[in-house]
Each structure stands twice: as C-alpha cells, then as structure tokens.
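Okay, here's what each chain looks like letter by letter:
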Amino acid sequence: MTKKLTKGNYAIAQAAINAGCDGYFGYPVTPQNEIGEYMSKKMPKLKRAYISAESEIGAINMVLGACSTGKKAMTSSSSMAIALMQEALCYIAADELPAVLVSVMRAGPALGYIYPAQGDYNQAVTGGGNGDYRIIVLAPSTVQECIDLTYKSFYLAQKYRNPVTLLADGLLGQMMEPVEFKDYPYPEIPNDDWALTGAKNREPRAIYSLEAKEEVLEKRVNLLFEKYKVIEENEQDFEEYLTQDAELIVTCFGSLARNVKSAVNECRKQGLKVGMLRPITLYPFPVYKIQELAKKTKKILVIEMNMGQMVRDVQLAVNGKVPVKFFGKAVGKWIEVETICEKIKKEIGNG
Amino acid sequence: MQTETRNENLIFKIPKSLKEGTKFPFCPGCDHGVAVRLVAEILDEFNLREKTIAVSSIGCSVMLYDWVNTDCVEAPHGRALAAATGVKRTNTDKCVFTYQGDGDFASIGLAESMHAALRGENITAICINNTTYGMTGGQAGPTTIMGQVTTTSPTGRNKEYYGYPIKIAEQIALCEGTAFAARGSLDTVLNIRKTKELIKKAFEVQLQGLGFGFVEILSSCPTNWRMTPQESHERIRKELFSVYPLGVYKE
C-alpha cells in the first residue's frame, strides 16, 4: 500500500470513517476544525449522519443518543470545549455506551490560545464529571498513530462499552506525515443484547443512570469497577525505547515523544545510558511496565508540555522506588531536543 | 354472586405502550400520568410501540422508562432533544419522542430544544408546563407566571428580579423546521380529548417526515402549588389560559 501525505486531523477523520463511524456530531473549535469539515463532506455521501451541533453540549449528547442505539458515533473538540462535554461523558460512562471522543489539545487554561500543548492530561484521564467512573484514553505521537489509535478507540469503545478519548494535540492535528490507511483491523462486537432498536419481539430496554435504590446503585458502581479492572489488566499499552540498560528513563506522552526519542538517540551517541518510556494508554496507565522499569533504572525523568500532570501517575506507579523528576512548560515552543539533552545530562550528573 | 372480569369485555384498557401494572409515582392530582397515558394511546393507535425509542429527561419525567413499554434512553438535564437527534439521525426508520418538563425543555435545554426545531428534526417533543420546578420542590422556573409565589420567588415573580416567562409553543412555532406546534391542557375531559388530538398530530408530522412536532401541555402541580387537585385545575383555567392560550400555533 502506498503512503499518502496526510494532515493529522484528516487522518483521524478518515480513520473514523474506515472504522465504520455511523454518526459525527461536532461544533467548531481550533485546532481540530478539519475533522468536522472533512466529515461534513464525506458522511452525507456515505449516507451516514453528520450534524453541525448547536454547541459541544449538543454534540456530545447527540453522540450519547446515537450510541444508545448501538451505532458507532463520535465527536471531536478541544480543551475548553471538551470541558463543556464533561457532564455527558460522565453519563456515557455510567450508561456504558461506546462513544469516541477526539480531543485535540490547545493551550489553556480557559481560552488560552491555539498553540499546541499537553495541558489536558488531567481533563482526559481523571475527567470532570461527578462520581466514580473512568474513560479509556489513547495518546498518539505520530499521524500514523492518529489513524491506528482511532481504529483502536472505536474497537475498545465497543469491546468494553466505555467512552474512549483519543488525546491528540494541535501539533499532531496540524502536521502532515506520510501515512498508510490500512483497513479497520478489529472484529465487530455484537450489541444485540443491549442496544435500543425498538422493543420488537423482546422486552423493552432502558438506558439510564438514575438509581434510587442505594444498594442497586452501589452494585452498579462496583460492576463498573470490575470492568475497569479488566481494562487495567488487559489494555495497558506503551512504547519502550532503549530502556534495557538505561540508568535514566525519560517518560513522556503524545507528540513530545518525538523530540524525546531524538534526545535519547543523541545522548546514546555520547555514551549516556538513557531510554524512553511512552505510555500510549494514559488510562489504563502502564503501571506494570513502570514498576518493572523502576526496579532496574536509577531515575525517571518525566517531561510534558504542561506544568506536571502525568508525572503524578508515574510517581504513583514508581511508589518511591527511584527518584522521579519533572521538567515541563505549559505553552510555547515545543521543548527542543537540545533542551531535553541538557535536562537528561543534568539528571544523570545529579545521580 | 361472583362476576368474572374478562379482558375482552373491558371498555377501558391499559394501552399496550404502557407497561403492564404501571403505577405512576406522581403526587395525587398531578396531570403527568394523564399525559403519559395519552402518549401511550397514540403510540398504540399508530402501532408504533415496537419501533419507538423514547428519550426521557430530568425532573418528574425522568422515569419514563418505567412507564412506557418501549425502548428508552435517559438524557442529561436539558439535553433530551440533542440525544433524540442522535437517535433519530442514525436510525431514521425509528419513531423518536422526548417527554420533558418546562424547566428541562425551555430553561436549561432551550438551545437543544430550539435547534432541534430549527433543524426540522423528525422528532416529536412533549413538554409538560406546570409553571414550576416540580421535582426539586417548586422553585421558580422559566414558565412561572408574573406574580406567582414559589419557593424562590417568595413575594411573587416580578420583572425586576426574574424577568418574564417564556411562551414555549409560540417560540417553537416561529422555528421554520417546526411542522406542528400547539398548546393543550388536561384540566377537563374535553381538554384531555383535545390534547390527545394535538399529540396525535405531533406524531403524524414525524411519520410523514414533515419536521418537528411539538405539544406543550399545561399541567397541574398540586403539591408545589399548595392546592387541591380541583383548585389546581381551577388555577389553570383562571390564571394560565390568559398567559398561555390553548391552540395550534403552527401546522
């Protein structure tokens, strides 16, 4: 298959179409507008649903409705606009609906600006809804991964009947890279035992989060967490790079890993034993791999384009076994390879 | 002498689109139960039960799925018509309706409601207007009339603090995508029968693919109005009809 030079946002949109997305519902916000624009051209031709929603709140609730009927549905948005979707995301998690959300981060807090940043790790991973629930979060670092992980987002959403966020950033959304569009590689998951399709020849079904009996509500939450445990056991995903003998492991996620990898290569040339670990699933966080690495490395350096968000999950996983250091900044020029090299050398020098 | 009650002899039956043994949890004298039953009767008349997906809202209407004998999804507060849009657009062969209160439809959910009407969604929306937030204990809502005393308008609604109430059916009628918009009441047997006809038309336009079908139903809330059921219906006639006139606003 030939490679095609494709912009990240278009790659995500086409991958969603290939994954069989039946409905796209969205509202514009930069830097992810190309997704909705692309969908508005393609979806009607395929006789699939496309709606320019009245707001992000409208869009995510349209996704809720479509998903309740077993259809594959998605929305895409960014940062402060994802903030508007938190209530419905929480309902979708409680209702166990297979929704896909694409979050293309910009710089915050609040309106901030359209500069790329990674400040929405907490928003994606811990969420802003109420009560106990989890959302699967996948973080691509290349345009090819934007495609592959969009496929995986639809698959995991169906497999676990759980919302999945593809957490990209403005850099990935706007950059072009040669990519390959393989066919959607995952099996379709039957949904005929729960989807709302009309109560023909069966009892009516209801999808709701209200539960007036406290023991039933408690049981429902416990069942959710049994599911999350299965997800945590089965779906931890990461990229490991030159960690075998590494005395320092740089941990990062998303597009920043590109620069970190270059910095690791640079440092290796200079004889420094340094490696990289890139969590691909931010939830479930790859705790087992980090625990394993914490036994053999001397130090972990977390680098993020934010003021320190994923670092907390790394600290929890490492649990004090080795020192965990952090370097990051909220916005501006993507942290450069030279800067990362300097930080690596400084941390190795510090023992 | 013992008499046997045979189902085929009954002249007043539970509609098939209501769950068997349904016991409405509404307060005594509340009109919600009548409204839900009317919707169920219309679903029966059009033989829609097996192809209907209902969307419930937040408020006294939330447990719609406990009463209607169809598939049903609960929407977050105010978002019923967004959720219903998602259902309908990905399932164009299904009958989709929302059942909402005035707070859900016309306050927190006004954008979702009005845009569904503007898009001309082939959806039927039923909105119960009881001029208060019933579930939470009778606070002032978007339809609370001028002068009305509620738990959050203790000296009565005035324009200085609260502004003016929304006339929902009239507003929805202004939307070009609306195929049918009307206001009914359940205060008398005659009005119940008239309201049933309005509901029927609101479903008919959906089935014909003509656009958004809407009925606002004036409904009593004796508990929060601090009135008897009879006084409540009297209030609807005396105080609400002049503010919210019954009739068809668009067809």
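Residues numbered from 1 in each chain as written. Chains lettered and ligands numbered in written order. Predicted model: local features only at pLDDT ≥ 70, side-chain atom pairs only at ≥ 80, totals over all residues.

S.K.: Residues and numbers for the sheet that holds strand S3 (residues 95-101) of chain B, please.
M.R.: An order of S9(A)-S2(B)-S1(B)-S3(B)-S4(B)-S6(B)-S5(B)-S7(B) is seen for the eight strands of this open sheet, with the pairing classed as mixed. The two strands at the open ends of the sheet, each matched to only one other strand, are strand S9 (206-207) of chain A together with strand S7 (247-250) of chain B. In this structure, strand S5 (residues 178-185) of chain B lies alongside S7(B), joined through three bridges in antiparallel fashion. Opposite B:Ala182, over in S7(B), you have B:Val248 as the bridge partner. Against the sheet, helix H3 (residues 80-90) of chain B contacts strand S1 (52-56), strand S2 (71-74), S3 and strand S4 (124-129) of chain B, and its axis sits at roughly 175° relative to S3(B). (Pairing = 2+ DSSP bridges. Helix = DSSP H or I, 4+ residues; strand = E, 2+ residues; numbered from the N terminus. Contact = placed C-beta atoms within 7 Å. Axes fitted to C-alpha atoms, helices over the stretch in contact; angles between N-to-C directions.)

S.K.: Any chance you could break down the interface of chain B and chain A for me, citing the residues and the numbers?
M.R.: Facing 30 residues of chain B, the contacting portion of chain A comprises 34 residues. Elements supplying a minimum of two residues to the side of chain B that touches chain A: S1, S2, H3 and helix H5 (110-118) of chain B. It is H3(B) that provides the largest number of residues to the side of chain B that touches chain A, a total of eight residues. Of the residues that constitute the side of chain B that touches chain A, the class distribution is 13 nonpolar, eight polar and nine charged. Where S9(A) and S2(B) come together, two bridges link them in parallel fashion. By the bridge assignment, A:Ala206 is partnered in S2(B) with B:Cys72. (Nonpolar A, V, L, I, M, F, W, Y, C, P; charged D, E, K, R; others polar.)

S.K.: Talk me through helix H2 (residues 33-45) of chain A; I want residue IDs and the actual numbers.
M.R.: An α-helix turns once every 3.6 residues. As a result, residues three or four positions apart point the same way. Residue and element names in this part refer to chain A. Across its 13 residues, H2 extends 19 Å between first and last C-alpha, which sits within 8% of the 18 Å expected from 1.5 Å per residue. The largest bend along H2 reaches roughly 30° and is located at Met-39. All buried positions along H2 are accounted for by Glu-34, Ile-35, Gly-36, Tyr-38, Met-39 and Met-43. Buried positions along H2 lie against strand S1 (4-7), helix H1 (8-18), strand S2 (23-26), strand S3 (49-52), strand S4 (73-77) and strand S5 (100-105). At the exit of H2 stands Lys-47, carrying a positive phi of roughly 60°. (Expected span 1.5 Å × (residues − 1). Bend = angle between axes of the 7 residues up to and from the residue. Buried ≥ 20, exposed ≤ 12 C-beta atoms within 10 Å, placed from the backbone.)

S.K.: Report on the nonpolar core, specifying residues and quantitative values.
M.R.: Of all hydrophobic cores here, the largest spans 178 residues; its most connected members are A:Val63 and A:Val250. For this core, the leading source of residues is helix H7 (residues 143-160) of chain A, giving 10 residues. Among the domains, domain 1 (4-198 + 223-234) and domain 2 (239-349) of chain A are the pair contributing at least three residues each to this core. Excluding its chain neighbours within four sequence positions, the residues that come into contact with A:Val63 are A:Phe25, A:Ala73, A:Met74, A:Thr75, A:Ala99 and B:Gly86. (Core = buried A, V, L, I, M, F, W, Y, C linked by C-beta atoms within 7 Å. Domains from an automatic or database assignment.)

S.K.: Got a sec to walk through the domain arrangement of chain A? Specific residues and values, please.
M.R.: All names here are of chain A. Looking at chain A, the domain boundaries give domain 1 (4-198 + 223-234) and domain 2 (239-349). Relative to domain 2, the C-alpha centre of domain 1 lies at a distance of 27 Å. Taken together, the contact pairs 23 residues of domain 1 with 21 residues of domain 2. Every element with two or more residues in the side of domain 1 that touches domain 2 is listed here: helix H6 (121-125), strand S6 (136-138), strand S7 (164-169), helix H8 (170-174) and helix H9 (214-234). Take the side of domain 1 that touches domain 2: its biggest share by element is four residues, from H6. Split by residue class, the side of domain 1 that touches domain 2 holds 16 nonpolar, four polar and three charged.

S.K.: Tell me about the sheet that holds S3(A), and please be specific about residues and values.
M.R.: Residues and elements named next belong to chain A. Taking strand neighbours across the sheet as the criterion, the seven strands line up as S3-S2-S4-S5-S7-S6-S13 in an open arrangement whose pairing is mixed. Two strands in the sheet have a free side with no partner beyond their single neighbour: S3 and strand S13 (281-283). Neighbour to neighbour, the strand axes of the sheet diverge by 20° on average, direction disregarded. Relative to S7, S5 runs parallel, the two being bridged by six bridges. Bridged to Met-105 within S7 is Asp-169.

S.K.: Before we move on, could you go through helix H12 (residues 310-318) of chain A and cite the residues and values that matter?
M.R.: Residues and elements named next belong to chain A. All of the buried residues along H12 are Met-310, Val-311, Asp-313, Val-314, Ala-317 and Val-318. Down the axis of H12, the buried side of the element spans an arc of 160°, and every buried residue falls inside it. Those residues of H12 that are buried lie in contact with H6, strand S11 (248-251), helix H11 (287-296), strand S14 (299-304) and strand S15 (324-328). Of the residues trailing H12, Asn-319 is marked for its positive phi of about 50°. (Arc of directions from axis to C-beta.)

S.K.: Tell me about the pairing of S4(B), and name the residues and values.
M.R.: Residues and elements named next belong to chain B. Burial runs high along S4: six of the six residues are buried. Residues Thr-124, Ile-126 and Ile-128 point to one face of S4 and Ala-125, Cys-127 and Asn-129 to the other, with burial holding for every one of them. Bridging between S3 and S4 involves five bridges; their strand directions are parallel. By the bridge assignment for S4, Thr-98 is matched with Ala-125. Pairing analysis gives six bridges linking S4 to strand S6 (residues 212-218), with the strands arranged parallel. Counterpart to Asn-129 in the pairing with S6 is Leu-218.

S.K.: Explain the environment of B:Pro222 to me, and be specific about the residues and the numbers.
M.R.: Residues and elements named next belong to chain B. Tracing the backbone shows Pro-222 in helix H9 (residues 222-225). The sequence separation of Pro-222 and Gly-86 amounts to 136 residues, and the corresponding C-alpha distance is 35 Å. Those residues within four positions of Pro-222 in sequence are excluded, and the remaining contacts are Cys-27, Pro-28, Gly-29, Cys-30, Met-227, Thr-228, Pro-229 and Ser-232.

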